[in-house]
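Residue-level structure breakdown
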Amino acid sequence: RYAKLNRQGVAVYRPEFDLPSSERMLIEQELRDAIQKRKLVLQYQPLWDIHQQKLWGVECLVRLQNRQGRFISPEEFINLAEETGLIRRLDQRVIELAMEELRDLDFVCSVNLSPSTIRDSEFFAWMRDFALRLGERASRLQIEVTEGTLMQERDVVVSRLEEMRRWGIKVALDDFGVGYSSMSYLKHLPLDVLKLDRSFTTYLGESETDNRLMDSLIQLGHGLGFKVIAEGVETSEQVQWLRTHRCDLIQGYHISRPLSHRDLRQWMGALK
Ligand code: C2E
Ligand code: MG
Ligand code: MG
Ligand code: MG
């Protein structure tokens, strides 16, 4: 019962499998409700260009608010959404909402897609219509996929990603380096951006091994023609290190925590 694939496509034990079934049902009901009544909430976390010192884009992170008003983290409900087949509608809703709320802003909106969403042909048809309606603005949309996305039906997935890139959408590989046989994936995936998992950032500047590893990862990404984002940047020392070592973009609490739509605009206003 624990042999469940996570977003990386790796079988893991996840604490939510221990949720009493009554609680699972409650979250499922709230999720269903939120999708139907358009009550999902997004938070936006800046993707910061460390060389030009400007905002390059934001990652759109979904939040679910329960009846008591508490925010439930996606770690708690994404798996449930996958198991119950709600994930496609959730991922679609996130794309719609992000492009609606940030309509007037001229930067990249990066959304996470579950492996099952990418393989879903209804999603693909919906995405084509949506991209068509976006027109030029499609180049402002980026999707984030993980290595687990290629665990099944690799050829289908690769050709869909290629097609989406033809519509102008950008493709990023999320949490790179902690999944399965990472190097062979890179060869097959049509990508624009490589997001290095935050575990590589943690000891930057403190551990020579971690420094060398990060340096190699940045060069690997650049060698393959991708933009490179370091995730989980929490200190100014890490920023400095990454700037010196030519990483393109950073994301993390040091730049900003994920922000509400309103707080993002305020944060942007303070930049000027
Ligand atoms: P992710 O795509 O790797 O998102 C980054 C996560 O790292 C976010 O957690 C973010 O709040 C957190 N984070 C950002 N900066 C830092 C930092 O400096 N330090 C630390 N310790 N953490 C940082 P969040 O929002 O809880 O999202 C968790 C995961 O849920 C995401 O990981 C993504 O896999 C999934 N997810 C979120 N929104 C969606 C969605 O709309 N659809 C799907 N399918 N998955 C989603
Ligand atoms: Mg992500
Ligand atoms: Mg990530
Ligand atoms: Mg992650």
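Residues numbered from 1 in each chain as written. Chains lettered and ligands numbered in written order. Predicted model: local features only at pLDDT ≥ 70, side-chain atom pairs only at ≥ 80, totals over all residues. Heavy atoms only, no water.

1. What about the coordination of the magnesium ion (ligand 3)?
To be explicit about the condition: Counted as donors are the N, O and S atoms within 2.8 Å of the metal, or 3.2 Å for Na, K and Ca, while water is not among the atoms, so some sites may look incomplete. Comment: elements are numbered from the N terminus, with helices defined as DSSP H or I runs of at least four residues and strands as E runs of at least two. Burial here depends on accessible area, computed with a 1.4 Å probe over protein chains only, as a share of the maximum for the residue type. Under 20% is buried, over 50% is exposed, and the range in between is partly exposed.
The coordination sphere of the magnesium ion (ligand 3), as far as protein atoms go, consists of Asp-174 (OD), Asp-175 (OD) and Glu-231 (OE), spread over 2.0 to 2.2 Å. Sequence spacing among the residues donating to the magnesium ion (ligand 3) works out to D-D-x55-E. The distance between the magnesium ion (ligand 3) and the magnesium ion (ligand 2) is 3.7 Å, with Asp-174 acting as a donor to both metals. With Asp-174 in strand β8 (residues 170-176) and Glu-231 in the loop between β10 (227-230) and α9 (236-244), this residue pair connects regions lying 57 residues apart in the sequence. In this structure, Asp-174 and Glu-231 share a single accessibility class: buried.

2. Some thoughts on the state of the cysteines
For clarity, the cut-off: In this description, the term disulfide denotes a pair of cysteine sulfurs within 2.5 Å.
On inspection of all chains with the given rule, the structure shows zero disulfides. Looking at the unpaired Cys-60, the closest cysteine sulfur is the one in Cys-109, lying at 5.0 Å. Not part of a disulfide, Cys-247 finds its nearest cysteine sulfur in Cys-60, a span of 20 Å.

3. Some points on the coordination of the magnesium ion (ligand 2)
Coordination of the magnesium ion (ligand 2) by the protein is provided by Glu-59 (OE), Asn-112 (OD1), Glu-144 (OE) and Asp-174 (OD), with metal-donor distances spanning 2.0 to 2.2 Å. Residue classification places Asn-112 among the buried positions, given a relative accessible area of 18%. What makes Glu-144 buried here is its relative accessible area of 0%.

4. Re the nonpolar core
What counts, and what does not: Buried Ala, Val, Leu, Ile, Met, Phe, Trp, Tyr and Cys residues form a nonpolar core when they are joined through side-chain atoms within 4.5 Å. Note on contacts: a residue pair is in contact if any heavy atoms of the two residues lie within 4.5 Å.
Judged by nonpolar contacts, the single largest core of 80 residues is most densely connected at Leu-90, Met-127, Ile-143 and Leu-242. Setting aside residues no more than four positions away along its own chain, Ile-143 makes contact with Val-111, Leu-113, Ile-118, Leu-161, Met-164, Ile-169, Lys-170, Val-171 and Ala-172. Residues Leu-47, Val-108, Ala-172 and Ile-229 belong to the second largest nonpolar core, which totals seven residues.

5. Points about the packing of aromatic side chains
Test applied: Planes of paired rings set the category: under 30 degrees apart is stacked, over 60 is edge-to-face and the rest tilted, where pairs are Phe, Tyr or Trp rings (Trp by its six-membered ring) whose centres lie within 6.5 Å. Note on criteria: charge over ring means Lys NZ or Arg CZ within 6 Å of the ring centre, with the direction from the centre no more than 35 degrees off the ring normal.
Under the criterion given, the structure shown has four aromatic pairs. When the centroid spacing of 5.0 Å and the interplanar angle of 15° are considered together, the rings of Trp-126 and Phe-130 count as stacked. With Trp-126 and Phe-130 both in helix α5 (residues 121-134) and four residues apart, the pair spans about one turn of that helix. Assessed through its relative accessible area of 8%, Phe-130 is described here as buried. Pairwise contacts between aromatic rings join Phe-123, Trp-126 and Phe-130 into one cluster. Above the ring of Phe-124, the side-chain terminus of Arg-160 is found at 5.0 Å from the ring centroid. Over the face of the ring belonging to Tyr-253 we find Arg-257, whose NZ or CZ atom lies 3.8 Å from the ring centre.

6. Side note on the pattern of salt bridges
For the record, the criterion: By definition, a salt bridge exists where a carboxyl oxygen of Asp or Glu is found within 4 Å of a side-chain nitrogen of Lys or Arg.
Counting across every chain of the model gives 16 salt bridges. The salt bridge involving Asp-33 is made with Lys-39; its shortest N-O contact spans 3.3 Å. Here Asp-33 falls in the buried class, since its relative accessible area comes to 16%. A salt bridge links Arg-166 to Glu-163; its shortest N-O distance comes to 2.3 Å. With Arg-166 and Glu-163 both in helix α6 (residues 154-166) and three residues apart, the pair spans about one turn of that helix. In this structure Glu-163 comes out as partly exposed when scored by relative accessible area, which is 25%. Each of Asp-33, Lys-37 and Lys-39 takes part in a single network of salt bridges with overlapping partners.

From the geometry alone we can't say anything about function, so treat these as descriptive.
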